[in-house]
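Geometric and topological summary
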Amino acid sequence: MRGKLFDRPILITLGIAATAVIGMSVALVCNVGETDRVTGRAATRTSTPTPTPELQVGLGSPTLADLGIKLAYARVENTGAGTLVIHPPDGDPVDIAAARGVFTGIAWSPDGQRLAVSFGPSAANQDIYVLNADGTNFTRLTTDGRSKRPTWSPDGETIAFSNSADPAAGPGPIATASAAGGGTTPITGDAAADYASWRPDGSSLAISREPGVVTLVSPTTGAVIQRVELLHDGPLTRSSWVWSMDGTSLAGVTRRGEDYAIVILGDNLTAQRQVGGAFLGTPNDPGWPHPSWTPDGSMIIAASAVTGEIILVSVDATSETMPVNDPTSLAIVLIDPPVGTKLAFPAVSPLPTAGGGAPQVRAEETVGTG
């Protein structure tokens, strides 16, 4: 690995189902019938214990239905242009032909009935669009060509996004608009503000406006509520963030040069840890911004910056448990991209359950003999 993000490990508890692999007993064998070269006496017969079964804990092969989610993502071609895809838990992915261009963000509404997406003819020319989960009622929300990365208010009535008045000055400020349509209202005056994520209780927006720092601001006034610095041993670029569904943790993708890493701020942002160990850069590691959470908070869904696969990663994953071809891996490929494309910006919406909550998912346990 090419460097550690944090100066020291700080572990948090997030209801993680996956556990470390239990070590197996090592059998000691002596050859029978030989004499000890020092004493000349016959060697003592020693039995060979039966190896203790090794408990192998991995993520198994869950489906979207197992995870209790539906997905939306962009399928990006080699040209950089992409198409919005809605992937139901019990069916084939559906292309939304009207939503095609260079994407910068995808977000589900809190009730899972609508999507907000940002795309345009280029990364510099972007607008926000809103549509129903079945692809109908496709509506353009902004028309300024400089609106990116939408996030929904908890009541589903307002969308916040980056709205750059001067791209040379930065991606911000953060602005809001009614999801039903209407004017744009800036809520921060900071041109560096970007990657807004609305806390589920509505109390704040998590934004990135300086490298290595998460800032919480008021969604109405833009006033700073809290500032959290990431632990790191080198310069970072700005980071993308998304709240867990219970509003207690943030997951983000940080970048240093061409290397990416997933970071979790847990326990109401009082603890930090990095998923996967050191900076992630191998083909099977998550990389592109905008990760998402599974409903129970035990796993992250992200996209590989290299292969374009959508990957499911336990928040308990370390560098040793990242390989996706290992049965004990705490990271697996959830969705493969079609040939010649990459998948990006995976957005998760939980499925409703009979009790009204999100289903709880735990890692699969398998027993082997080692």
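Remember, it's a predicted structure, so these values are computed and weren't measured experimentally.

Before going further, it helps to examine the overall build of the protein. Broken down by element type, the protein carries one helix and 25 strands. Contacts in the protein between residues at least 24 apart in sequence constitute 48% of all its contacts with a sequence separation of at least 6. When the accessible surface of the protein is split by element, carbon and sulfur atoms take 52% of a total near 16500 Å².

Summary: where empty space remains is shown by rolling a probe the size of a single water molecule over the atoms. Size it by volume and the largest pocket reaches roughly 730 Å³. Contributing to the lining of the largest pocket are 32 residues, with Trp108, Thr151, Val242, Trp243 and Val348 lying nearest its centre. Where the lining of the largest pocket is concerned, the elements lending two or more residues are strand E4 (94–108), strand E8 (147–152), strand E12 (194–198), strand E16 (240–243), strand E20 (292–293) and strand E24 (341–350). It is E24 that provides the largest number of residues to the lining of the largest pocket, a total of five residues. The residue makeup of the lining of the largest pocket, split by class, is 21 nonpolar, nine polar and two charged. Of the voids in this model, the second largest pocket is the one considered here, and its volume is about 430 Å³. In this structure, the second largest pocket is lined by 24 residues; those nearest its centre are Arg149, Tyr195, Arg255, Pro289 and Phe345. Breaking the lining of the second largest pocket down by element, the ones donating at least two residues are E4, E8, strand E17 (250–256) and E24. Residue composition of the lining of the second largest pocket, grouped by class: 12 nonpolar, eight polar and four charged.

Now for the confidence of the model for the protein. Scored by pLDDT, the protein has a mean of 79; 76% of the residues are at 70 or more. Considering only residues more than four positions removed or in separate chains, one finds that residues 1–55, a stretch of pLDDT under 50, has 101 contacts. The model gives residues 356–370 a pLDDT under 50, and that stretch makes 41 contacts with residues more than four places away or in other chains.

Attention now goes to the sheet that holds strand E6 (residues 127–132). Two modes of strand pairing occur in sheets, parallel and antiparallel, and in both the strands are linked by backbone hydrogen bonds. Reading across the sheet, the seven strands line up as E7-E6-E5-E4-E3-E2-E24 and stay open at both edges, with antiparallel pairing between neighbours. At either margin of the open sheet sits one strand with a lone partner, and together these are strand E7 (139–140) and E24. Examined bridge by bridge, strand E2 (residues 69–77) and E24 share eight bridges and lie antiparallel to one another. Each bridged residue has a counterpart across the sheet, and for valine 76 the counterpart in E24 is lysine 342.

Right, let's get into the sheet that holds E8. Taken together, four strands build an open sheet; the order of strands is E8-E9-E10-E11 and the sheet is antiparallel. Edge positions in the sheet fall to E8 and strand E11 (185–186), since each has one partner strand and no second. Pairing of strand E9 (residues 158–163) with strand E10 (residues 174–178) involves five bridges; the strand directions are antiparallel. When the bridges of E10 are listed, alanine 160 appears paired with threonine 176.

As a further point, take the packing of aromatic side chains. In this structure the tally under the stated criterion is four aromatic pairs. Centroid distance phenylalanine 119 to tyrosine 129: 4.5 Å. Interplanar angle 20°. Geometry classified as stacked. Here phenylalanine 119, found in strand E5 (residues 114–120), pairs with tyrosine 129, found in strand E6; they are 10 residues apart in sequence, far enough to count as distant. For phenylalanine 119, a relative accessible area of 5% puts it in the buried group. The rings of Phe103, Phe119, Tyr129 and Phe138 are connected pair by pair, giving a single aromatic cluster. The ring centre of tyrosine 195 lies 4.6 Å from the NZ or CZ of arginine 149, which sits over that ring.

Cut-offs applied
Residues numbered from 1 in each chain as written. Predicted model: local features only at pLDDT ≥ 70, side-chain atom pairs only at ≥ 80, totals over all residues. Heavy atoms only, no water. Helix = DSSP H or I, 4+ residues; strand = E, 2+ residues; numbered from the N terminus. Contact = heavy atoms within 4.5 Å. Areas by Shrake-Rupley, 256 points an atom, 1.4 Å probe, with all protein chains shown as cover. 1 Å grid on protein atoms, 1.4 Å probe; cavity = no way out; pocket = protein on both sides within 12 Å on 5 of 7 lines; lining within 4 Å. Points joined across faces, edges and corners; volume = space filled by probe spheres on them. Nonpolar A, V, L, I, M, F, W, Y, C, P; charged D, E, K, R; others polar. pLDDT = per-residue confidence, 0-100. Pairing = 2+ DSSP bridges. Phe/Tyr/Trp six-rings, centres within 6.5 Å; stacked < 30°, edge-to-face > 60°. Buried < 20%, exposed > 50% of the residue type's maximum accessible area, 1.4 Å probe, protein only. Lys NZ or Arg CZ within 6 Å of the ring centre and 35° of its normal.

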